[in-house]
Amino acid sequence: MSRCVRLSVFALAATVLAAVLIVGFAGLPAFGHFHGVDGNVIDGVGVTERHATDLVTALNFDFRGFDTLGEEFILFGSVLGIVLILRELRDEHQGPRLEEADEHMLGGASEALRLLGLILVPVLLAIGGYIVVHGQITPGGGFQGGIVLATAPLSLFLAGRYLRTRFVAPHTMLEVGEAVGAAGYAMVGIAGLVFVGIFLKNFLPFGIPGHLLSAGQIDVASLAVGVEVSGAFLVAWSEFLDQAIMVRRRRAQ
Amino acid sequence: MSFLPFAVAAWLFIAGLYGIVASRNLVRTILSLTIVQSATYVVLLGVGYRNGGAAPIFADIPAVTKAVDPVVQVLVLTDVVIEATVTALLLALAVQAHKRFGSLDPNDLRVLRD
Amino acid sequence: MSITALPVVVPLVSAAVLTGARRWSPRLVNDAGATAVSLAVVVLCTLLLVRSLHHPFAYWMGGWRPKHMVSIGIALSVDSIGAGLATFAAVLVTASLIYSWRYFDSIDGLFHALMLLFLAAMAGFSLTGDLFNLIVFFELMGAVAYALTAYQIESRGPIQGAINFAISNSVAAYAMFLGVGLLYARTGALNMAQIGAALDGHRADPLVIVAMVLLFAGFLTKAAAIPLHFWLADAHSVAPTPVCVLFSGVMVELGVYAIARLYWTIFAGPLGPHAVSLRAILIGFGAVTALGGAIMCFTQRHVKRLLAFSTISHVGVFLCGVGLLSGAGLAGTAVYIVGHGLDKAALFMMVGILLHRFGSLDEFDLRGKGRALPLVGVLFGAAGLVLAAFPLTTGFFGKSLLEAAAIDGHYPWLPAVFVISSALTGGAVLRVGGRVFLGWGRGDPGDDSGAREASREPDEETESRDRTPPSMVVVPAVLVAATAALGVIPGLVPGIERAAYGFGDHAAYIGWVLRGSARFPAVPHTHLAAYDYVYAAGAVAGAVAMAAVGLFGPGVRVTLARGALAPLTGAVNGFRDLHSGHIGDYIAWWTVGAAVLGAASLLLLT
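Positions within a chain are numbered from 1, following the residues in the order the chain's sequence is written. Each chain takes a letter, starting from A, and each ligand takes a number, starting from 1, following the order in which they are written. A pLDDT threshold of at least 70 governs which residues receive local features in this predicted model, and a stricter bar of 80 or more applies before side-chain atom pairs are shown or counted, although totals over entire chains, interfaces and linings include all residues. Think of the side-chain values as coming from all heavy atoms in the structure, minus any hydrogens and water.

Q: How should the interface of chain A and chain B be read in this particular structure?
A: Interfaces are often sized by the amount of accessible area the parts lose when they come together. Taken residue by residue, the interface counts 52 residues in chain A and 49 residues in chain B. Carbon and sulfur atoms supply 72% of the area buried between chain A and chain B, which totals about 4,500 Å² over both sides. On the chain A side of the interface with chain B, the three residues burying the most area are Phe10, Phe31 and Phe34 of chain A, jointly 16% of the side's total. Each salt bridge in this description consists of a side-chain nitrogen of Lys or Arg and a carboxyl oxygen of Asp or Glu lying within 4 Å of one another. At the junction of chain A with chain B, the criterion picks out zero salt bridges. Polar contact is the term for a pair of N or O atoms within 3.5 Å; when the atoms are in protein, one must be able to donate a hydrogen and the other to accept it, and sequence-neighboring residues count only if both atoms are side-chain atoms. At the junction of chain A and chain B, the tally comes to six residue pairs in polar contact (both at pLDDT 80 or more). Residue assignment for the side of chain A that touches chain B shows that the elements contributing at least two residues are helix 1 (3-25), helix 2 (37-50), helix 3 (55-63), helix 4 (65-85), helix 6 (142-168) and helix 8 (217-245) of chain A. In this description a helix means any DSSP run of H or I spanning at least four residues, a strand means any run of E spanning at least two, and both kinds are numbered starting from the N terminus. With 10 residues, the single largest contributor to the side of chain A that touches chain B is helix 1 of chain A. It only takes one pair of heavy atoms within 4.5 Å for two residues to be counted as in contact. The quantity reported as buried area is the accessible area (1.4 Å probe) lost by two parts once they are put together, taken as the sum for both.

This is the structure:
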């Protein structure tokens, strides 16, 4: 269809669809007046039965842990897809070697930038680790903390040290780490099956709400997810950076 | 005022669809897809809000305090992860499309058709 | 039953292990490991199926059983139809993994890992009883499918196919999220039975209707109903053959399953009084899809695209069956899905053999070359006849149940739609068989250079070869035999009927999910009537006739251009041109489809 026809067809359909949406949304309870049942029950049960004070994390890894299993494997599968799609093709080769490469695509980073990258690494690792480990007490958890952990090497990449970092943490290590994290979460669920008879049922002892290691399997699950998320995003970023910096078309024979 | 979030969500959904239909660059199409998804965040979070409710974190408030709904927050968390991964996958495809087709205009990416 | 979660978890963990180990494990280990896991899932799902035949049951994750009908955990609600679909998916995945032992020259563990993730997603989708969980598994299926479609990244076609597939299905998923948000706002629940219980007894107000529209629009996209179908032909043309087997055999059908599941668990209560109108809407989409897909199928020369449109046509028939909103319609659809899935899988595998051996997917390029593969030719012909619902095959039993259901449901013209679409799709397959394996028919008319170019792209890392490995022939042979013979196994079809009637019992579902009680509805016995054989004979004869026209008559584009049929030809050509490959066009038509569904529902169902 020509652009004109396409836009006209869309305009007409979109008007009708917008009307449908508005009519449907009009039936929603007014903003701020939600009175759902599930939320109330969970608010009551989360602290007393699971000793977790952050209910969002408790929901994520315990009550609705099966959703999280699916979600982390969506992440896993998509990153596999990225590795598949950006793989080296027959008419390409990995370009410059370490010594020859132009490390920073924009023509070399300044010393200040490189130093800042190095300084940020322990800071980000500490923040990320803190968020992962305290997920069941305060806002945070595996997903959020995992991303922050992954930004630590990323700040090195961005500060112009991609090739060196890549040499230290090759793809294989990242992939294995990601796989271990993904499988680890599933194993937590299976451990529940083995020890207590139901998949994802909590089998670890509880502690005092508000302390570390207080919420049983939620802590372990959160940790596994943190490992997986950071591994996954690092693999994805490495693939994209490889495409930009390393992969070159083979010269015609 | 109490309908505003949902009206915004409907607008985002339609505007994002328009972006996909009308854009001449694949990257812009992918980002319009992200806008469509933002509509879902707004609806889900808007649905769960309670006037005067605290965050569902009971570390320093008693567990019987009125709190906003935690379930929708978990749903949105899942939603965000899904969006990030699908967008990344699509961008990888865009990288290869640029290499293979030499262009990112959907008009040029048309090897398959009737 | 404690193994309930395992059909989902085992392939997930195995995929992680395969990925972690892929740099070190040789091809043989990957093949063997993946096939073994897939077989294990078949066994697990069969165990679940057997148990659910006695008594459907719900498995609450983490032990969070519902208190006072309020559920806070996620349940897998295992009934026979769900467990049966999961088993069917596992069987097809196993078949396609065995087929790919020799099909690919070289693949690494990524392919196997993605296939196992796909299996896990399909199993989870069929077994779950939680609405949001359903969408999560939908997205997992989707993400893995996009990656698998783009597998042959060397060529340009797969990139386009994957992009169109990904954007279309993602828009569908986001519509579904909106639907879930609406239902959650109204009922405060995510468990399907609980939502259904909360909506029971209330009128269907616009919120519920729009939630239904959004959810159905999403699943109709996955099921590739017209006009939400454009992505499917592109994706099938370029995905590797073992992946096409799964797309057409079971992934698309899961969209139809979801529509049935959502209606009978959630919307049957409020929309029950308006069933007549809803029936009209669903059957409207179904009939248009069945006929439109069949016409497009017949005009293709790219063989995989032809099979893709035939799938679209059959999905239209399934939608009609589900749209009848009766136990009989569900039963017919269920049986027909099994028959069609096995047959379509076999057809794709045989097309893969042609590609593997001769390096082409164009019907005219392949003309006569199939004479070197007589056994495959016989199987191909048999599969084509099965597609036309040859009497006593599984598809035939499904069709006859559907015809009886249509007549009981006051849609006497529906069987004619079924016959026409079977004749066209079966005829197209028989035409391809005749041209490729027997060398009949005219040579290349020289038109349609676009389609030729697409089918000549270097596909699937293969070039022409001079022998076909036996494993690649044995698997489709087994599948064709199965689809021909399963229907006559005593007790199988009545068993599926019983399961379907149980599926369609709204109150019973809520009972056994939230309370653990069970009650079995009385199932009327369906007998084959004489007219079933008449319809089937008509379809088969029609298929043979269409094949002959395609082979020996003048070209389709030429024939109808003259005389009174000129407007029809114009319409068909116009419809073909809409399949332009441009994602903007596809999403524009998606919006049209969603708008039509929404407007019709709001006008007819309030």
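Q: It is not clear to me how the environment of Ala232 of chain A should be interpreted in this structure. Could you clarify?
A: Residue and element names in this part refer to chain A. Counting through the fold element by element, Ala232 comes out in helix 8. Classification of residues uses two cut-offs on accessible area relative to the type maximum, computed with a 1.4 Å probe and protein chains only: under 20% is buried, over 50% is exposed, and between them is partly exposed. Residue classification places Ala232 among the buried residues on the basis of a relative accessible area of 0%. Between the C-alpha atom of Ala232 and that of Ile119, which follows or precedes it by 113 residues, the distance is 23 Å. Residues in contact with Ala232, not counting those within four places in the same chain, are Leu75, Val79 and Glu178.

Q: Which parts of the structure should I look at to understand the pattern of salt bridges?
A: Two side chains of opposite charge can pair, provided their charged atoms sit close to one another. In this structure the tally under the stated criterion is 12 salt bridges over all chains. Between Asp67 of chain A and Arg64 of chain A there is a salt bridge, with its nearest N and O atoms 3.0 Å apart. Residue classification places Asp67 of chain A among the buried residues on the basis of a relative accessible area of 1%. With a shortest N-O distance of 3.0 Å, Arg431 of chain C and Glu363 of chain C are connected by a salt bridge. Of this pair, Arg431 of chain C sits in helix 16 (residues 414-438) while Glu363 of chain C sits in the loop between helix 13 (327-358) and helix 14 (374-387); the two residues are 68 residues apart in sequence, bridging distant segments of the chain. There is no split in this pair, since Arg431 of chain C and Glu363 of chain C are both buried. One network of salt bridges, with partners in common, ties together Arg64 and Asp67 of chain A together with Asp130 of chain C.

Q: Whenever I open this one, the interface of chain C and chain A confuses me. Can you help?
A: Of the residues lining the interface, 72 residues belong to chain C; the matching set on chain A comes to 63 residues. Summing the contributions of chain C and of chain A, the shared interface buries around 5,800 Å²; its carbon and sulfur component is 74%. Contact with chain A buries area across many residues of chain C, yet Trp64, Ile72 and Glu154 of chain C alone supply 12% of it, more than any other trio. Counting the contacts that link chain C with chain A gives four salt bridges. Linking Glu175 of chain A and Arg22 of chain C is a salt bridge whose minimum nitrogen-to-oxygen distance equals 3.0 Å. If you look at where chain C meets chain A, you find nine residue pairs in polar contact (both at pLDDT 80 or more). Looking at the side of chain C that touches chain A, the elements that each hand over two or more residues are helix 1 (6-20), strand 1 (57-60), helix 4 (109-127), helix 5 (131-149), helix 6 (156-187), helix 8 (206-222) and helix 24 (583-605) of chain C. Under this grouping Gly is polar, as are all residues other than the nonpolar Ala, Val, Leu, Ile, Met, Phe, Trp, Tyr, Cys and Pro and the charged Asp, Glu, Lys and Arg. When its residues are assigned to classes, the side of chain C that touches chain A shows 49 nonpolar, 14 polar and nine charged.

Q: How should the confidence of the model for chain B be read in this particular structure?
A: Atom-level detail of predicted coordinates should not be read off regions where pLDDT is low. The pLDDT value tells you how sure the predictor is about a given residue, anywhere from 0 up to 100. Per-residue confidence for chain B gives a mean pLDDT of 88, with 97% of residues at or over 70. Scored as a whole, the predicted complex attains pTM 0.93, and scored at its interfaces, ipTM 0.94.

Q: Looking at this structure, I do not really get the packing of helix 11 (residues 275-298) of chain C against helix 12 (residues 303-323) of chain C. What am I missing?
A: Helices that pack against each other are described as a pair by the angle of their axes relative to one another and the distance between those axes. All names here are of chain C. Axes here refer to lines fitted to C-alpha atoms; in helices the fit is confined to the stretch in contact. Angles between the N-to-C directions go from 0 to 180 degrees. Their axes nearest at 7 Å, the elements helix 11 and helix 12 cross at an angle of 160°. Classified by the interaxial angle, the pair formed by helix 11 and helix 12 is roughly antiparallel. As helix 11 runs across helix 12, the sense of the crossing is left-handed. Facing Arg279, Leu282, Ile283, Gly286, Ala287, Thr289, Ala290, Gly293, Ala294, Met296 and Cys297 of helix 11, the residues of helix 12 in contact are Leu306, Phe309, Ser310, Ile312, Ser313, Gly316, Val317, Leu319, Cys320 and Gly323. Here the contact of helix 11 with helix 12 is composed, by residue class, of 13 nonpolar, seven polar and one charged. Geometric relationships in this document are graded by angle, where less than 35 degrees denotes roughly parallel, more than 145 denotes roughly antiparallel, 65 to 115 denotes roughly perpendicular, and other angles denote oblique. Rotating anticlockwise by less than a right angle from the far helix to the near helix defines a left-handed crossing, while the corresponding clockwise rotation defines a right-handed one.

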